[in-house]
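Structural description and commentary
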Amino acid sequence: MTQPPNSWDDGSTPGPSGPPPGGYPPPGGYPPPGAVPPPIGYPTSEDKTWALVAHFGGALGMFVGAGTGGWVPPLIALLVQGNKSPVARAHAVAALNFQLLWSIVGVVSWILVCILVGFIGVAAACIIGIVFGIIAGLRANEGQLYRYPMSITLIK
């Protein structure tokens, strides 16, 4: 009595057929001991670092610059890593577009402070830039590209 061939055995090889070797990674498949692989969504840990610089740096720039300096850290991240890494570039461009818009709102609001209406705009620009910059940084830390609300595309 002959048995039908298994799906992995076409019957052309004599001898007992068994399951193909599996469950084991190819040689070199495991990272060396002590090495920590980068988080999902980042090719390297340097990409993660620059993504966090862009987002958290934008929030810090809005705080330190009183609603006007949030665009500086994402621009630095874009200029340093933009040509080297598409992941870092995507995070830097998203943060730069958002922070540039709200920095412009902050500058216009500082001009309007002379007639006492601008304090509301300065406070709004600061709070929005800081809060959404922190949210984006937390998402970037998880390996996700955050889509900023209330943003426009100035830089592609």
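It should be noted that the structure appears before, not after, this text.
From a predicted model like this one, the values you see are computed outputs, not experimental measurements.

Criteria and cut-off values
Residues numbered from 1 in each chain as written. Predicted model: local features only at pLDDT ≥ 70, side-chain atom pairs only at ≥ 80, totals over all residues. Heavy atoms only, no water. Phe/Tyr/Trp six-rings, centres within 6.5 Å; stacked < 30°, edge-to-face > 60°. Helix = DSSP H or I, 4+ residues; strand = E, 2+ residues; numbered from the N terminus. Buried < 20%, exposed > 50% of the residue type's maximum accessible area, 1.4 Å probe, protein only. Core = buried A, V, L, I, M, F, W, Y, C linked by side-chain atoms within 4.5 Å. Contact = heavy atoms within 4.5 Å. Expected span 1.5 Å × (residues − 1).

Examining the packing of aromatic side chains
In total, this model carries one aromatic pair according to the counting rule given. Summarising the aromatic geometry, the rings of Phe98 and Phe132 are spaced 6.1 Å apart at their centres and angled 75 degrees between planes, so their arrangement reads as edge-to-face. One end of the pair, Phe98, is in helix H3 (residues 86–112); the other, Phe132, is in helix H4 (residues 118–141), with 34 residues separating them in the sequence. Both residues of the pair, Phe98 and Phe132, count as buried.

Quick word on the nonpolar core
One broad rule of soluble globular proteins: the nonpolar side chains tend to lie buried together. Phe98, Trp102, Phe132 and Tyr148 are the most contacted members of the largest nonpolar core, which has 20 residues in total. For this core, the secondary-structure elements that each account for two or more residues are helix H1 (45–64), helix H2 (72–81), H3 and H4. What Trp102 contacts, discounting residues up to four positions off in sequence, is Met62, Gly67, Ala125, Ile128 and Met150.

Some details on H4
In this model, H4 (24 residues) spans 34 Å end to end at C-alpha, consistent with the 34 Å of a helix rising 1.5 Å per residue. Turning to H4, its buried residues are Gly118, Gly121, Val122, Ala125, Cys126, Ile128, Gly129, Phe132, Gly133, Ala136, Gly137 and Ala140. Tucked into the core, H4 has its buried residues touching H1 and H3. Two residues or fewer after H4 comes Gly143, characterised by a positive phi angle close to 95 degrees.

Purely geometric numbers; function is a separate question.
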